[in-house]
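Listed here are the chains, written in short residue letters.
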Amino acid sequence: MDLALIIGIIAAFGSLAAMVTIEGASFASLLLVGPVVFVLGATISVGIAGATLKDALDSFKAIPGAFTGKKPDFAGTVATLLDLADVARQRGLLSLESSAEEVKDPFLASALQGVADGADSEDLRILLEDQIATWSKATRVSSSFFAALGGYAPTIGIVGTVVSLTHVLGNLSTPDKLGPMIASAFVATLWGLLSANFIWLPLGTRLRRLAELEAERRQIVVEGVLAIQSGTSSRALSERLTAMVPYSPKPKRSKSKNDASAPVSEAASAVGP
């Protein structure tokens, strides 16, 4: 579990709280219900208007995953592929069909089934890369949705400020109240900027990064399965796959290469989002 998003957002709002405290300002003056409701409500509404309802619902469903930040297990995936290579050499490629039924990663299972069915390597590569491309397009929808909210929010905040200032100009006969009213008017702009830069944009960026990492893991699966199909040696396969792993140590295989049951025990660690 990667807590980067949670830590970052808490630290950002903590920095704001520290500034307010140092300046001796009032938190109550920044938490006016009207501007906050308008900015957040209108931002989400226009975001939905600019997408499809399904896109919006899928995007909000992706929020918990962004906060938990489950990163792909690259080392576990490589270890699983190495163990599967041992099984294929000992029992033949047809034995991968049973392994495909046991692994919990649907993408890896699909790739193993293709090998067991005797698919041509080039046709199998095209099929798997098409699956990655289709999945990537679907995951980019959530990232784009929140990035769009980050673009709308500041402008909506300005709209709220203009509305409030219009109210201020209608009350020039009470000069003693103008100061607080003008200050309140700019709260909408504040929350437009805050929500964009403290919530929506980081959320969209986070989802995009997690999707990129999972796409990289799936590409490792593609290369590993095709290498298994071609009979690449364990040493060559290990070096090739390890070179594709971003910022990770060389994976340690938990089973000996003579243990044919290794894929079952290692498959769970290869599960990606």
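Just so it is clear, the structure is predicted and the values come from calculations on it, not from any experiment. (Residues numbered from 1 in each chain as written. Predicted model: local features only at pLDDT ≥ 70, side-chain atom pairs only at ≥ 80, totals over all residues. Heavy atoms only, no water.)

(A) Expanded view of the overall build of the protein chain. Looking only at helices and strands, the protein chain has 11 helices and 0 strands in total. Moving toward the C terminus, one meets the helices and strands of the protein chain in the order α-α-α-α-α-α-α-α-α-α-α. Across the protein chain, contacts joining residues at least 24 apart in sequence account for 80% of those joining residues at least 6 apart. When the accessible surface of the protein chain is split by element, carbon and sulfur atoms take 65% of a total near 13,900 Å². (Helix = DSSP H or I, 4+ residues; strand = E, 2+ residues; numbered from the N terminus. Contact = heavy atoms within 4.5 Å. Areas by Shrake-Rupley, 256 points an atom, 1.4 Å probe, with all protein chains shown as cover.)

(B) Layout of the packing of aromatic side chains. For the coordinates displayed, the defined rule picks out 5 aromatic pairs. In textbook terms, an aromatic cluster arises when at least three aromatic residues are bridged by ring pairs, as seen for F60, F145, F146 and W200. Stacked on the ring of W135, the Lys or Arg R218 has its end atom at 4.4 Å from the ring centre. (Phe/Tyr/Trp six-rings, centres within 6.5 Å; stacked < 30°, edge-to-face > 60°. Lys NZ or Arg CZ within 6 Å of the ring centre and 35° of its normal.)

(C) Inspection of helix α5 (residues 74–91) at higher detail. In this model, α5 (18 residues) spans 26 Å end to end at C-alpha, consistent with the 26 Å of a helix rising 1.5 Å per residue. Backbone nitrogen of G76 and a side-chain oxygen of the N-cap are separated by 2.9 Å at the start of α5; the cap is D73. Of the residues trailing α5, G92 is marked for its positive phi of about 95°. (Expected span 1.5 Å × (residues − 1). Polar contact = N/O pair within 3.5 Å; in protein donor to acceptor, adjacent residues only side chain to side chain.)

(D) Representation of the side chain of R218 in the model. Tracing the chain through its elements places R218 in helix α9 (residues 178–230). Reaching out from R218, the side chain makes a polar contact with the side chain of E214 at a distance of 2.8 Å.

(E) Seen up close, the confidence of the model for the protein chain. Looking at the protein chain as a whole, its pLDDT mean stands at 85, while 88% of the residues score no less than 70. Confidence over residues 254–273 falls short of pLDDT 50; this stretch has 38 contacts with residues more than four positions distant or in other chains. (pLDDT = per-residue confidence, 0-100.)

(F) Broad picture of the packing of helix α7 (residues 106–116) against helix α8 (residues 121–169). Their axes nearest at 10 Å, the elements α7 and α8 cross at an angle of 165°. If you check the angle between α7 and α8, you find them roughly antiparallel. Pair α7 / α8 crosses with right-handed handedness. Between α7 and α8, the residues in contact are F107, S110, A111, G114 and V115 and L124, L128, Q131 and I132, respectively. Looking at side-chain class alone, the contact of α7 with α8 contains 6 nonpolar, 3 polar and no charged residues. (Axes fitted to C-alpha atoms, helices over the stretch in contact; angles between N-to-C directions. Parallel < 35°, antiparallel > 145°, perpendicular 65-115°, else oblique. Left-handed = near helix turned anticlockwise from the far one by under 90°. Nonpolar A, V, L, I, M, F, W, Y, C, P; charged D, E, K, R; others polar.)

(G) Focus on a negative patch on the surface. Where like charges cluster on the molecular surface, the negative patch consists of E97, E101, E102 and D117. Residue class for E101 comes out exposed when judged on its relative accessible area of 64%. (Patch = residues over 30% accessible without salt bridge, like charges linked within 9 Å, V, L, I, M, F, W, Y side chains within 5 Å. Salt bridge = Lys/Arg side-chain N within 4 Å of Asp/Glu carboxyl O. Lys, Arg positive; Asp, Glu negative; His and termini not counted. Charge placed at Lys NZ, Arg CZ, Asp CG, Glu CD. Buried < 20%, exposed > 50% of the residue type's maximum accessible area, 1.4 Å probe, protein only.)

(H) Main features of the environment of L81. Following the sequence through the fold, L81 ends up in helix α5. Linking L81 and L241, residues 160 residues apart in sequence, is a C-alpha distance of 9.0 Å. Not counting chain neighbours up to four residues away, the residues in contact with L81 comprise L108, I220, V221, G224, V225, I228, L237 and L241.

(I) The arrangement of the environment of T166 in detail. Here T166 is to be found in helix α8. Take T166: its relative accessible area is 52%, and that puts it in the exposed class. Linking T166 and A185, residues 19 residues apart in sequence, is a C-alpha distance of 9.3 Å. Separated by 2.8 Å, the side chain of T166 and the backbone oxygen of V162 make a polar contact.

(J) Structural detail: the nonpolar core. With 33 residues, the main nonpolar core has L81, L108, L112, V225 and I228 as its most contacted residues. Of all elements in the fold, only α5, α6 (96–102), α7, α8, α9 and α10 (234–244) reach the threshold of two or more residues within this core. If you tally residues by element for this core, the top one is α9, at 10 residues. Of all hydrophobic cores here, the second largest spans 12 residues; its members include A56, L149, W200 and L203. (Core = buried A, V, L, I, M, F, W, Y, C linked by side-chain atoms within 4.5 Å.)

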